[in-house]
Structure formats: C-alpha cells, structure tokens
Amino acid sequence: MSKHHFLRRHPGEGTPMILAIVLVLLMLFCTVAEFSRVWIIAQGVKEAAQQAVISTINDNYDDVYHAVREGYAAGWYPDGTGRWDESVDTGDVYGQLASTLGLENTGSGYQKISNGNVEYTISGLSVELSNNALSSGQSKGYTAAVEIRLEVPVRFLGNLLPAAEMMLHTEAKYVPVF
C-alpha cells in the first residue's frame, strides 16, 4: 500500500467533526439565550422597582411642602405646638410591584408564575428614606432607596440549575424645582 493512498480522504470522514461543531454551537446558543432571559427579567424588575420608588417619593410630596417653602426639601410638618415632626411614608412598594409585574404573594416573597413554573422570586425588600434635617439651610435632596433580592431559576438543556441571585438597588430623589 502506498503512502498517498492512506492519506486520501474518504467520504463521510468529516461528519463526526461537523456534528461536534453543531452541538457546541447549539450549546453556546442555549447559554446565550438563558443569559439573555435572566438579564431581561432583571431589567424588567429593576424598572418596576424604579417606578415604585418614584411613586413613593411622589407620595411624600405633600409633606415636603412645608420645608420647600423655607428653601430646602425635607419631610416635616408642624404639630400645632410650635414643634415640627418628621413625616415620611415608605409607601407600598411590594403592592406596586405585585400589580405592575403580576406577582403572587407566597410565604417567602412574591413570585411570578408562568405556565405553572416559577419564573422569578423577589424578596428582602428594603426601603430607606433620607430626610433633610429641619433648618439645615442646605438641600441634599429628599431621597428614597429601594433594595430588593431577585432570584431567577436557571435552566440549561432541560435541567434546572442553581438559581441566579442578585440584589437590585434603585433610588429616586425629590428636588424642588422652584
């Protein structure tokens, strides 16, 4: 047998390599698609949380009026005896998120359920309002910060992997325009 006859290509030799390349590309596509799904969910929840925190700041607007009149934004009101009491309202962020995103309340948090499967869970809500001191003379703004824990189940090739967990932080600031 000659050396050249052995090195000659035979029909079908490349088939296993082509199948391996196709499978690798398919797995890569599945990975990118799952990452995109998790990212889109995180962005949607963060935008809904941003709407809720803006709503919380807007709900506190009526108590900020007295301080704005003095030239800075803060949540205080006169109690009628010559003293001022702090007035802040954390709002109903969970309620707004539940109505905006269509969430169901469970014991451990709020879940988005689609076709009988849990799409994501939000829990661990923290709302922090930052109020300016009365008669400070300077406005750092009247801010509300929301932090929420998002847990998204990750699926790959039909298997359920450990969930992707992240803390989403968003805030809004009220600053008087006039």
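I would appreciate a short explanation of the nonpolar core in the present structure.
What tends to happen in soluble globular proteins is that the nonpolar side chains get buried as a cluster. Core analysis: the biggest nonpolar cluster contains 28 residues, and Val45, Leu97, Leu101, Leu103, Tyr120, Ile122 and Leu150 have the highest contact counts within it. Contributing elements (two or more residues each) for this core: α2 (15–59), α4 (93–101), β5 (117–130), β6 (142–156) and β7 (159–174). If you tally residues by element for this core, the top one is α2, at 9 residues. If sequence neighbours within four positions are ignored, Leu150 has contacts with Ile41, Ala42, Val45, Tyr120, Thr121, Ile122, Ala164, Glu165, Met166 and Leu168.

Would you mind showing me how to read α4 here?
Residues spaced three or four apart along an α-helix point in a common direction, a consequence of the helix completing one turn every 3.6 residues. Within the span of α4, buried status applies to Val93, Leu97, Ala98 and Leu101. The buried residues of α4 occupy one face: seen down the axis, they fall within an arc of 135°. Immediately beyond the C-terminal end of α4, within one or two residues, lies Gly102, with a positive phi of roughly 70°.

What am I meant to see in the environment of Asn105 here?
Summarising the element assignment, Asn105 is placed in strand β3 (residues 104–106). Residue classification places Asn105 among the exposed positions, given a relative accessible area of 55%. Along the primary structure Asn105 and Ile122 are separated by 17 residues, whereas in three dimensions their C-alpha atoms are 9.8 Å apart.

Is there a simple way to think about the side chain of Gln111 in this case?
Relative to the assigned elements, Gln111 resides in strand β4 (residues 109–114). Within the structure, the side chain of Gln111 is placed 3.4 Å from the side chain of Thr121, a separation counted as a polar contact. Setting aside chain neighbours within four positions, we find Gln111 in contact with Leu103, Glu104, Thr106, Val118, Tyr120 and Thr121.

Just checking my understanding: could you explain the pairing of β7 for this structure?
In regular strands, side chains alternate between the two faces of the sheet. As paired strands, β6 and β7 are joined by 14 bridges and run antiparallel to one another. Along β7, the bridge assignment pairs Phe156 with Asn159. The loop that links β6 with its antiparallel partner β7 comprises 2 residues; one of these, Leu157, has a positive phi angle of about 50°.

When you look at unusual backbone geometry in this model, what are you seeing that I'm missing?
The general pattern is negative phi for most residues beyond glycine and trans for most peptide bonds. The phi torsion at Asn115 lies on the positive side, around 55°, for a residue other than glycine. Position of Asn115 among the secondary structure elements: in the loop between β4 and β5.

It is not clear to me how the confidence of the model for the protein should be interpreted in this structure. Could you clarify?
Reading predicted coordinates in detail is not appropriate for stretches of low pLDDT. Across the protein, the average pLDDT comes to 79, with 75% of residues at or above 70. Averaged over each element, pLDDT in the protein is lowest for helix α3 (residues 61–69) (56) and highest for α2 (89).

Would you mind going over the pattern of salt bridges with me for this structure?
Pairs may arise between side chains of opposite charge once their charged atoms sit close together. All chains considered together, the criterion is met by 3 salt bridges. With a shortest N-O distance of 2.7 Å, Arg37 and Glu34 are connected by a salt bridge. A residue pair is termed a helical-turn pair when its members lie 3 or 4 positions apart in one helix, as Arg37 and Glu34 do in helix α2 at 3 residues. When salt bridges with common partners are traced through the structure, they connect Arg149, Glu151 and Glu165 into a single cluster.

It is not clear to me how the pairing of β4 should be interpreted in this structure. Could you clarify?
Pairing geometry for β3 and β4, over 3 bridges, is antiparallel. By the bridge assignment, Glu104 is partnered in β4 with Gln111. What sits between the antiparallel neighbours β3 and β4 is a turn of 2 residues. Where β4 meets β5, 5 bridges bridge the pair, whose relative direction is antiparallel. Looking across to β5, one finds that Tyr110 is bridged to Ile122.

Sorry, what's going on with a nonpolar patch on the surface here?
Side chains of Met17, Ile21, Leu25, Leu28 and Val32 sit close together on the surface and give an oily, nonpolar patch of about 500 Å² of accessible area. With respect to the helices, strands and loops of the structure, Val32 is situated in helix α2.

What counts as what
Residues numbered from 1 in each chain as written. Predicted model: local features only at pLDDT ≥ 70, side-chain atom pairs only at ≥ 80, totals over all residues. Heavy atoms only, no water. Core = buried A, V, L, I, M, F, W, Y, C linked by side-chain atoms within 4.5 Å. Buried < 20%, exposed > 50% of the residue type's maximum accessible area, 1.4 Å probe, protein only. Helix = DSSP H or I, 4+ residues; strand = E, 2+ residues; numbered from the N terminus. Contact = heavy atoms within 4.5 Å. Arc of directions from axis to C-beta. Polar contact = N/O pair within 3.5 Å; in protein donor to acceptor, adjacent residues only side chain to side chain. Pairing = 2+ DSSP bridges. pLDDT = per-residue confidence, 0-100. Salt bridge = Lys/Arg side-chain N within 4 Å of Asp/Glu carboxyl O. Patch = residues over 30% accessible without salt bridge, like charges linked within 9 Å, V, L, I, M, F, W, Y side chains within 5 Å. Areas by Shrake-Rupley, 256 points an atom, 1.4 Å probe, with all protein chains shown as cover.

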